[in-house]
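Remarks on the overall topology
Spelled out, the chains give:
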Amino acid sequence: MRYLRIITPTGWFVIAAVAVVLFGLAGLARPSFLGLKFDPFGIDARKLDQLTDQVSVMEREATGNAEIAIASQTFHTREVVIRDLARQAEIEARTASDANTPLDPDRVARIRAADNRLCIVAPSICPNPDPAASSTDTVPVADDAG
C-alpha cells in the first residue's frame, strides 16, 4: 500500500475525475450498464421492437417452410404411389392371357385418347411426357380385311 501514498491529493482528484467521466460515457452509451432504468432515447424499446419483429418474421418463415415441406412430401408420396400402381397395372396388362390378342381400332383409339388425357393432366407420371409421341407403342390392332 506504500505506492498509494505517492499519489498526491491532486492525483487522487484526477483519478476520480477520469473514473467519473468513463462511467458517465458508459452510462450514456448503455444506461443499464450502471443499473439505471432511465432510457431517455428509447434505445431499449426500439431494440425490443426490432427483435420482436424479427422473431415474428422468422416464425412466419418457419411456418411457411414447414408447410412447403409437408406439401412437397405429400406430392412426392402420391407420385411414388401412382407410379407404382401404373407399373403394376402395366405388368399385369403385358402378362395377361389376352395380351397379344388384337384390339378393335376404335377401342385402341379410345384407350390412346384416355392415356393422352392422363398425360396432359399429370405429365410426371407418364413415361413419355409427349402424348403425341406415345402413339409409337405397338398395340396389335385387328385388321378388318383379315
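Residues numbered from 1 in each chain as written. Predicted model: local features only at pLDDT ≥ 70, side-chain atom pairs only at ≥ 80, totals over all residues. Heavy atoms only, no water.

Attention shifts here to the overall build of the chain. For the chain, the count of helices and strands is three helices and zero strands. Mapped from its N terminus to its C terminus, the chain presents α and β elements in the order α-α-α. Expressed as a percentage of its 146 residues, the buried residues of the chain come to 5%. A separation threshold of at least 6 residues defines the contact pool for the chain, and within that pool the share at least 24 residues apart is 43%. When the accessible area of the chain is evaluated, it comes to approximately 12,400 Å², of which 64% is carbon and sulfur surface. (Helix = DSSP H or I, 4+ residues; strand = E, 2+ residues; numbered from the N terminus. Buried < 20%, exposed > 50% of the residue type's maximum accessible area, 1.4 Å probe, protein only. Contact = heavy atoms within 4.5 Å. Areas by Shrake-Rupley, 256 points an atom, 1.4 Å probe, with all protein chains shown as cover.)

Below, the discussion takes up the environment of Ala86. Position of Ala86 among the secondary structure elements: in helix α2 (residues 43-95). We classify Ala86 as partly exposed; its relative accessible area is 40%. Spatially, the C-alpha atom of Ala86 lies 9.1 Å from that of Cys126, the residues being 40 residues apart in sequence.

The subject of this paragraph is the pattern of salt bridges. One pass over the structure, following the stated rule, counts three salt bridges. Ionic pairing is found between Arg87 and Asp84, a salt bridge with its closest N-O pair at 3.2 Å. Of this pair, Arg87 and Asp84 both sit in helix α2, three residues apart, which is roughly one turn of that helix. Given the relative accessible area of 46%, Arg87 is considered partly exposed. For Asp84, a relative accessible area of 34% gives the class partly exposed. Residue Arg94 is joined to Glu90 by a salt bridge in which the shortest nitrogen-to-oxygen separation is 3.1 Å. (Salt bridge = Lys/Arg side-chain N within 4 Å of Asp/Glu carboxyl O.)

This brings us to a nonpolar patch on the surface. Taken together, the side chains of Phe13, Val14, Val18 and Leu22 make up a nonpolar region of the molecular surface, amounting to roughly 420 Å² of accessible area. Within the secondary structure layout, Phe13 lies in helix α1 (residues 9-29). Take Phe13: its relative accessible area is 61%, and that puts it in the exposed class. (Patch = residues over 30% accessible without salt bridge, like charges linked within 9 Å, V, L, I, M, F, W, Y side chains within 5 Å.)

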